[in-house]
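Observations on the three-dimensional arrangement
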Amino acid sequence: MQMTALCSSKAFVFFTGRCFLFLSLCSPLIFARNHIGVYTEGTCSLCPTQTSPPLPSTAMARVSSDPLVVGMVIGEVIDSFSPSVKMTVTYNSNKLVCNGHEFFPSAVVSKPRVEVQGGDMRSFFTLVMTDPDVPGPSDPYLREHVHWIVSDIPGTTDASFGKEMVSYESPRPNIGIHRFVFVLFQQKRRQSVTLPASRDHFSTRRFAQENDLGLPVAAVYFNAQRETAARRR
């Protein structure tokens, strides 16, 4: 299951047959997509005449409000973690990356500014940008494709102060909606990170294990899909 995001102030979750609805009481509103189907105003796009019955309160209590869980970043890319450092990712000076928001590929051609707002100049961080949905979310047999790795980023600075180990590759999704995930790890020491073997078949978990990085300290992701002239209008 993959996710896309819209803005809303309220929502809920329900699963019946082949239909799934996720709505959160906080913004953004995140819908299931692809083979799962999408509910809008209580009606499923796969079952246009079917409306969703009331959601049991016990089911609501079990639903996580963490967008990284909802978007399956936690689970498919990284393990559950407790954020301990604030990271901001900004494209073109003013386009802040928020979980589940969609960007046109033309808006993410150049590398973003990634600020590490934690630690100090004596602590060092590694940034990974990866796509777990290659070549397409329904059959991601190349998972993951790594787009960018920067190591030795001093705390309280940004990625430009680190060592670029894998150069930035701009997203060019061709099939379906892809998630592009930024994951930040805190290094135990400087100059301790090694290059992955290739961009394809990358594993963020394996990379972290091989470089003794532990669990992430921050993560955020955006969605993107193939850009057409019609979508730009």
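Sequence order sets the numbering: in each chain, residues are counted from 1 along the sequence as written. A pLDDT threshold of at least 70 governs which residues receive local features in this predicted model, and a stricter bar of 80 or more applies before side-chain atom pairs are shown or counted, although totals over entire chains, interfaces and linings include all residues. Excluded from the side-chain calculations are hydrogens and water; all other atoms, namely the structure's heavy atoms, are used.

Moving on to the overall build of the protein chain. Looking only at helices and strands, the protein chain has five helices and 14 strands in total. The proportion of buried residues among the 233 residues of the protein chain is 50%. The long-range share in the protein chain, meaning contacts at least 24 apart out of those at least 6 apart in sequence, stands at 67%. Accessible surface area values rest on a Shrake-Rupley calculation with a 1.4 Å probe, where residue burial reflects the displayed protein chains alone. Carbon together with sulfur atoms contributes 53% to the accessible area of the protein chain, which is approximately 11500 Å² in total. Under the DSSP-based scheme used, a helix requires at least four consecutive residues in state H or I and a strand at least two consecutive residues in state E, with every element numbered from the N terminus. For the exposure calls, accessible area comes from a 1.4 Å probe over protein chains only, and a residue counts as buried if that area is under 20% of its type's maximum, exposed if over 50%, partly exposed in between. We call two residues contacting when some pair of their heavy atoms lies within 4.5 Å.

A sheet is described by the order of its strands in space; here five strands give the open sequence S12-S11-S10-S13-S14, paired in antiparallel fashion. The two strands at the open ends of the sheet, each matched to only one other strand, are strand S12 (163-166) and strand S14 (218-224). Strand-to-strand, the axes of this sheet are offset by a mean angle of 15°, without reference to chain direction. Where strand S11 (residues 145-154) meets S12, three bridges bridge the pair, whose relative direction is antiparallel. Paired with Val150 across the strands is Glu164, a residue of S12. Pairing between strands requires that DSSP locate at least two bridges from one strand to the other. Fitted lines through C-alpha atoms give the axes, limited to the stretch in contact for helices. The angle between two N-to-C directions lies from 0 to 180 degrees.

Here the amide bond leading from Val134 into Pro135 is cis, since omega sits at -5°, within 30 degrees of zero. Within the secondary structure layout, Pro135 lies in the loop between strand S10 (124-131) and S11. A cis geometry characterises the amide bond from Arg143 onward to Glu144, with omega recorded as -15°. Its place among the elements puts Glu144 in the loop between S10 and S11. At Asp212, a residue that is not glycine, the phi angle is positive and equals roughly 55°. Topologically, Asp212 is positioned in the loop between helix H4 (204-210) and S14. You can call Asp212 partly exposed: its relative accessible area is 40%.

It is worth spelling out the pattern of salt bridges at this point. For this analysis, a salt bridge means a side-chain nitrogen from Lys or Arg found within 4 Å of a carboxyl oxygen belonging to Asp or Glu. Scanning the entire structure with this criterion turns up eleven salt bridges. Note that Lys111 and Glu164 form a salt bridge whose closest N and O atoms lie 2.8 Å from each other. Residue Lys111 is located in the loop between strand S8 (95-96) and strand S9 (113-117), and its partner Glu164 is located in strand S12; the two are separated by 53 residues in the primary sequence. Lys111 sits in the partly exposed class, given a relative accessible area of 45%.

Right, let's talk about the sheet that holds S9 for a bit. Hydrogen bonds between backbone atoms are what pair the strands of a sheet, whose relative direction is either parallel or antiparallel. Strands sit in the order S8-S7-S9 across an open sheet of three strands; the sheet is antiparallel. Two strands lie at the open edges of the sheet, namely S8 and S9, each paired on one side alone. Note: strand S7 (residues 86-91) against S9, five bridges, orientation antiparallel. Note on S9: the bridge partner recorded for Lys86 is Gln117.

Before going further, it helps to examine the environment of Asn92. By the element assignment, Asn92 lies in the loop between S7 and S8. Owing to a relative accessible area of 44%, Asn92 belongs among the partly exposed residues under this scheme. Distance in space between the C-alpha atoms of Asn92 and Ser110 is 7.8 Å, their sequence separation being 18 residues. In the analysis that follows, any N or O atom pair within 3.5 Å is treated as a polar contact, provided that within protein one partner can donate a hydrogen and the other can accept it, and provided that, for residues neighboring in sequence, both atoms belong to side chains. There is a polar contact of 2.9 Å between the side chain of Asn92 and the backbone oxygen of Ala107.

Think of a nonpolar core as a cluster: buried Ala, Val, Leu, Ile, Met, Phe, Trp, Tyr and Cys residues, connected wherever their side-chain atoms sit within 4.5 Å. Formed by 26 residues in total, the largest nonpolar core has its most connected members in Met87, Tyr91, Leu127, Trp148, Phe182, Leu184 and Phe222. Counting only elements with at least two residues in this core, the list comes to S7, S9, S10, S11, strand S13 (178-186) and S14. Examining the composition of this core, we find that four residues originate from one element, S14, more than from any other. Not counting chain neighbours up to four residues away, the residues in contact with Phe182 comprise Met87, Val89, Tyr91, Pro112, Leu127, Val128, Met129, Trp148, Ala218, Ala219, Val220 and Phe222. Counting 21 residues, the second-largest nonpolar core is a separate cluster that includes Leu68, Val73, Ile74 and Phe207.

Two aromatic rings are characterised by how far apart their centres lie and by the angle between their planes. Pairing of aromatic side chains here covers Phe, Tyr and the six-membered ring of Trp, requires ring centres within 6.5 Å, and sorts the geometry by plane angle: under 30 degrees stacked, over 60 edge-to-face, intermediate tilted. Counting across every chain of the model gives seven aromatic pairs. Ring geometry for Tyr91 against Phe222: centres 5.9 Å apart, planes inclined by 85°, an arrangement best described as edge-to-face. Linking Tyr91 in strand S7 with Phe222 in strand S14, this pair joins segments that are 131 residues apart in sequence. Comparing Tyr91 with Phe222, the two get one shared label, buried. Ring geometry for Phe182 and Phe222: centres 6.2 Å apart, planes at 35°, overall tilted. One end of the pair, Phe182, is in strand S13; the other, Phe222, is in strand S14, and 40 residues separate them in sequence.

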